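Here are the chains, one letter per residue:
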Amino acid sequence: MNVAIVRIVAELRSIVAAWHREGLKIAVVPTMGALHEGHLSLVSAALAKADRVIVTLFVNPKQFNNAEDLAAYPRTEQEDAAKLASVGAHILYAPDAADMYPQGFATKVSVSGPSDGLCGAFRPGHFDGVATVVTKLFLQTGADLAFFGEKDFQQLHVVRRLVRDLDIPIEIIGNPTVRESDGLAMSSRNTRLSSAERRTAPKLPEILFKTARRLTSGELVERTLREARQAILAAGFSKVEYLELRADDDLVSIATLNRPARLLVAAWLGQTRLIDNVEVRSPQRLDQILKQAAA
Ligand code: PAF
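Structure report, in brief. (Residues numbered from 1 in each chain as written. Predicted model: local features only at pLDDT ≥ 70, side-chain atom pairs only at ≥ 80, totals over all residues. Heavy atoms only, no water.)

1. Section: the site of the ligand
Around the ligand, the structure places Pro30, Thr31, Met32, Gln63, Val133, Phe148, Asp152 and Gln155. Contact distances for the ligand include 2.6 Å between an oxygen atom and a side-chain N or O atom of Gln63. Gln155 places a side-chain nitrogen or oxygen 2.7 Å from an oxygen atom of the ligand. Residues of the shell around the ligand, tallied by class, amount to four nonpolar, three polar and one charged. (Near = heavy atom within 4 Å. Polar contact = N/O pair within 3.5 Å; in protein donor to acceptor, adjacent residues only side chain to side chain. Nonpolar A, V, L, I, M, F, W, Y, C, P; charged D, E, K, R; others polar.)

2. With respect to helix H1 (residues 9-21)
Helix length check: H1, at 13 residues, gives a terminal C-alpha distance of 18 Å against a target of 18 Å (1.5 Å per residue), a fit within 8%. Residues Leu12, Val16 and Trp19 constitute the buried set of H1. Within H1, the buried residues cover an arc of 55° as seen down the axis, which keeps them to one side. Opposite its buried face, H1 presents the exposed residues Ala10 and Arg21, each directed more than 90 degrees away. The elements touched by buried residues of H1 are strand S1 (4-6), strand S2 (26-31), strand S3 (52-57), strand S4 (91-93) and helix H7 (126-141). Once H1 finishes, Gly23 follows within two positions and takes phi at roughly 80°, a positive value. (Helix = DSSP H or I, 4+ residues; strand = E, 2+ residues; numbered from the N terminus. Expected span 1.5 Å × (residues − 1). Buried < 20%, exposed > 50% of the residue type's maximum accessible area, 1.4 Å probe, protein only. Arc of directions from axis to C-beta. Contact = heavy atoms within 4.5 Å.)

3. Some words on the sheet that holds strand S8 (residues 261-269)
Pairing within the open sheet is antiparallel, and its three strands lie in the order S7-S8-S9. Strands at the two margins of the open sheet, each flanked by one partner only, are strand S7 (239-247) and strand S9 (272-280). This sheet shows a mean twist of 10° between the axes of neighbouring strands, independent of strand direction. In this structure, S8 lies alongside S9, joined through nine bridges in antiparallel fashion. (Pairing = 2+ DSSP bridges. Axes fitted to C-alpha atoms, helices over the stretch in contact; angles between N-to-C directions.)

4. Description of the packing of aromatic side chains
Where two aromatic rings form a pair, the distance of their centres and the angle of their planes describe that pair. Taken as a whole and assessed by the stated rule, the structure comprises five aromatic pairs. A ring pair is formed by Phe58 and Tyr101, whose centres lie 6.0 Å apart and whose planes are at 55°; its orientation type is tilted. Of this pair, Phe58 sits in the loop between S3 and helix H3 (67-72) while Tyr101 is found in the loop between helix H5 (97-100) and helix H6 (119-122), placing the two residues 43 residues apart along the sequence. Across this residue pair, the class does not change: Phe58 and Tyr101 are buried. Grouping aromatic residues by their ring pairs yields a cluster made of Phe58, Tyr101 and Phe105. Geometry around Tyr101 places Lys62 over its ring, the cationic atom sitting 4.6 Å from the centre. The cationic tip of Arg262 hangs over the ring face of Phe153; the distance from NZ or CZ to the ring centre is 4.0 Å. (Phe/Tyr/Trp six-rings, centres within 6.5 Å; stacked < 30°, edge-to-face > 60°. Lys NZ or Arg CZ within 6 Å of the ring centre and 35° of its normal.)

5. A few points about the pattern of salt bridges
For the coordinates displayed, the defined rule picks out 19 salt bridges. Of the charged contacts in the structure, one is a salt bridge between Arg273 and Glu241, with a shortest N-O distance of 2.8 Å. With Arg273 in strand S9 and Glu241 in strand S7, this pair connects stretches of sequence that are 32 residues apart. Relative accessible area serves as the criterion here: at 13%, Arg273 is assigned to the buried category. Bridged by salt links that share partners, the residues Glu150, Asp248, Arg262, Glu279 and Arg281 form one connected network. (Salt bridge = Lys/Arg side-chain N within 4 Å of Asp/Glu carboxyl O.)

6. Thoughts on the side chain of His36
Tracing the backbone shows His36 in the loop between S2 and helix H2 (37-49). Overall, the relative accessible area of 19% leaves His36 in the buried class. A distance of 3.0 Å separates a polar side-chain atom of His36 from the backbone nitrogen of Gly38. Look past the residues within four positions of His36 in its chain and what remains in contact with it is Met186, Ser187 and Ser188.

Shown next, in the form of structure tokens:
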């Protein structure tokens, strides 16, 4: 069966209102398209918890701080629609930019706290753009549940905080990062890597997991992170924007491993910026994540 493509918010609202009258539970999976297995795993998780699943496809200009990056973002709506049909999503909501941000649009949702530092420091305005569009998508879809990948871990925190602060009645569910068999986190940006860069890219999760293992075995945080940054550069990355240890539940910086934590990284490989993160828990948990990726 084909997935229904809806572009007009009034049409979406009337479908959703009918579903709600029938007592159905509705989930939304916000995306910018160029769908890969990571997105499809979110759709499957959504289908397991909800009766109807809306996938949104909108390449949001407000979250790009670089016009070339926005222009280069892959746009593959037909292929995306076919993939969504194959997994059983119900609606692909793909609004036009002129409808999302009509002439005179003047509102910005800005979430301080979880947006500070990490990607927030290197992509000024990015999380305002994300928070603004996600707020609109939640209000437009009226969904009961929303699914996000943990690959964008800081984004997940920003979204959780805005929903809490603005009392938006939607449950946010984070799903584990889906990895290629060599460990590279799936991302629409991976298609921009040259074949030589693609061979180098898995070094990033390899170093990340090794560093997490060292931290869980009690090695000093500052020195271990310094050595990991050096290892990323030595592997062929041109720049490490950040490699930081943060608390898992509120993203505050931590200098010693005294609570469940996340190790988060952003690094450039040629013209491509890659991000990744890993839980810093027991060594057994790290083994389990890697085995799942290789399966
Ligand atoms: O993660 C993404 O693809 C985007 O940031 C999102 C959440 C769809 C908002 O544009």
